[in-house]
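Working through the structure, step by step
Below, each chain spelled out in residue letters.
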Amino acid sequence: MLPTFVIGLREGLEAALIVSIIATFLRRNGAPLRGLWVGVGAGIGLSIAVGVALRLLEQALPQRQQEMLECVIGVIAIVFVTGMIRWMHAHARTLKGDLEQAAAAALGAGTMTAMALMGFLAVLREGFETSVFLLATIQNATSAPAAILGALLGLAIAVGLGWGIYAGGLRLNLKMFFQVTGVFLVFVAAGLVMFALRTGHEAGWVTVGQGPTVDLSWLIPNGSVRSAVITGILGVPADPRVIEVLGWLAYLVPMLAMLLLPTRLRPGTALARRLRIGGAAVAVAGAAALFVLVPLPSVEVPRQAPLADGRTAVLAVAGDGATLTAGEEKIELADPTDHTGNADTAWHGEGSGDLPATLTAQDLLTYTGNRVPVGLNLTTAPGPYEARWTDTTRHTVLSRDEGLVDVRTTGKLLLTIEGGGLTSPRTFTVDGAALQVEETYAKDLSATIAGADHAAHDRLLWKHWVPIALIVLAGLLLWQSRRSPGRATEPRAVNDPGREGSQESTVEGTTHVA
């Protein structure tokens, strides 16, 4: 309830503050307010419609698509709240002057449409951000009704504060308000980063960095007050994964530094530029070091494997073809296709290779697994026999780096024998056609491959994705070093009366916003 309350209060107060400044300016200049209220109502209606539409869309989707939509909404919410915090941090001191200039231009147009458009845009930006941010937070909340109630309560208080500012009887320390709520929302947004990464994994998009970090179940047991605060409000799960912790820190630390670092401690223009260039160089060096030094574990899969019937299967790969040999049986394989899981390639073959036209009794037992077929007496019918084969077997051979992982057989191999003392032909299924890797060997190999793949996924985060993030960071730092002014060149707000000294940031009636 607390996160949605603060979101509703802060976002609602921003919108109410903008509308109250515009309304106060129009009232002071004797202009009608009907157009402004029309635009405000349209902006509120469209914002609510966006939130309801997204919620209905999410509920109508299958589970996997719901996870995808929740991840997308979470990312959009993070972008919105980050932009909102940064924008208010940078423009709060000049907000009143900028809005009065825009209102004067709209007033000069002399139409209700211009007033309505100002009110509509003033509310729509904040309202759309609020809808998406609240929806993402409610998805991550332990109690949706309580979260909705908190949002409504925050919005109601924001409307009351906005009316008090418009009426001229309310004095509000906006600097302190936006500082405190900004810090709180940074923690909430950092929790949304973890939520987006978790839903991204459940949607199948985020597959790296899923190793466990710490078990917080002792700290935040289900149903406890600590769980409501740490998980319900701050979005930290009891089982954070590696990529979630990295995402949380990567968002939280720079955002808090932006909000809390005093102006007197911020570097000047020249030093800021050198620090950004130096930071970019460190980021590039770190990316290169991770890429070169972090190894990716692998497993060497043998090219032969024991079969359930006691034979040994050997796989020989040559280009786009392969041969599987099992004793005297050779199966030609072709049509390699990509495969997911423990194997990377699936080979396909038909039939059981060259089959003899004549069988001795010993040959027959080889094909039947040393079992005498039912109804056959080797004493009265010792062979040799004439053999006719009906072969519908299909083989799928799974390999990894040309090593043999598994063999799967479908279809049947029927053998009909006659002669050799038989009074009539006999037909039966040959068990040896169903090639199968020995069960214990297959389980052990599967566990070894799975362990290597799991370790490789964890290492992939540090070998590829973290270096990519560092390269992107380096690019942003270099870009900022070319365009961002330092502390010494920050412009003074045109309506800031504190040119000669510091002044507490307040709003009282029509007083400036700092």
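The rules behind the values
- Residues numbered from 1 in each chain as written.
- Predicted model: local features only at pLDDT ≥ 70, side-chain atom pairs only at ≥ 80, totals over all residues.
- Heavy atoms only, no water.
- Phe/Tyr/Trp six-rings, centres within 6.5 Å; stacked < 30°, edge-to-face > 60°.
- Lys NZ or Arg CZ within 6 Å of the ring centre and 35° of its normal.
- pLDDT = per-residue confidence, 0-100.
- Contact = heavy atoms within 4.5 Å.
- Axes fitted to C-alpha atoms, helices over the stretch in contact; angles between N-to-C directions.
- Helix = DSSP H or I, 4+ residues; strand = E, 2+ residues; numbered from the N terminus.
- Parallel < 35°, antiparallel > 145°, perpendicular 65-115°, else oblique.
- Left-handed = near helix turned anticlockwise from the far one by under 90°.
- Nonpolar A, V, L, I, M, F, W, Y, C, P; charged D, E, K, R; others polar.
- Salt bridge = Lys/Arg side-chain N within 4 Å of Asp/Glu carboxyl O.
- Buried < 20%, exposed > 50% of the residue type's maximum accessible area, 1.4 Å probe, protein only.
- Core = buried A, V, L, I, M, F, W, Y, C linked by side-chain atoms within 4.5 Å.

1. Things to note about the packing of aromatic side chains
This model, assessed by the stated rule, comprises 0 aromatic pairs. The lysine or arginine in question, Lys-463, covers the ring of Phe-291, its NZ or CZ lying 4.9 Å from the ring centre.

2. Regarding the confidence of the model for the protein chain
Across the protein chain, the average pLDDT comes to 79, with 83% of residues at or above 70. This stretch, residues 486–514, has a pLDDT under 50; its non-local contacts, to residues over four places away or in other chains, come to 71 contacts.

3. Some words on the packing of helix 10 (residues 269–293) against helix 12 (residues 439–483)
Each pair of packed helices gets described by two things: the angle between the helix axes and the distance between those axes. The N-to-C vectors of helix 10 and helix 12 enclose an angle of 165°; their axes lie 8 Å apart at closest approach. It follows that helix 10 is roughly antiparallel to helix 12 by the angle criterion. The chirality of how helix 10 crosses helix 12 is left-handed. On the side of helix 10, the interface is formed by Arg-273, Arg-276, Ile-277, Gly-279, Ala-280, Ala-283, Val-284, Gly-286, Ala-287, Leu-290, Phe-291 and Val-292, while helix 12 contributes Trp-462, Lys-463, His-464, Val-466, Pro-467, Leu-470, Ile-471, Ala-474, Leu-477, Leu-478, Gln-480 and Ser-481. Looking at the contact of helix 10 with helix 12 residue by residue, the classes come out as 16 nonpolar, 5 polar and 3 charged.

4. Things to note about the pattern of salt bridges
Tallied over the entire structure, the rule returns 8 salt bridges. For Asp-239, the salt bridge is made with Arg-198, and the minimal N-O distance between the two is 3.4 Å. Of this pair, Asp-239 sits in the loop between helix 8 (225–233) and helix 9 (242–260) while Arg-198 sits in helix 7 (residues 174–202), and the two are 41 residues apart along the sequence. Judged by its relative accessible area of 40%, Asp-239 is partly exposed. Of the charged contacts, one joins Arg-394 and Glu-350 as a salt bridge, the two residues approaching to 3.7 Å between their closest N and O atoms. A residue pair is termed long-range when its members are at least 10 positions apart, and Arg-394 in strand 9 (residues 394–400) and Glu-350 in strand 6 (residues 345–350) qualify at 44 residues. According to the relative accessible area criterion, Glu-350 is exposed, its value standing at 59%. In this structure, a network of salt bridges that share partners links the residues Arg-198, Asp-239 and Glu-244.

5. As for the nonpolar core
Within the largest apolar cluster, 48 residues are counted, with the highest numbers of intra-cluster contacts made by Val-81, Ile-85, Leu-185, Val-186 and Tyr-251. Taken together, the elements giving at least two residues each to this core come down to helix 1 (2–28), helix 3 (63–91), helix 5 (112–139), helix 6 (144–167), helix 7, helix 9 and helix 12. For this core, the leading source of residues is helix 7, giving 14 residues. Val-186 has contacts with Ile-85, Tyr-251, Leu-252, Met-255, Leu-256 and Leu-259, leaving out every residue within four places of it along the chain. Counting 16 residues, the second largest nonpolar core, distinct from the first, contains Ala-305, Ala-326, Val-397 and Leu-435.

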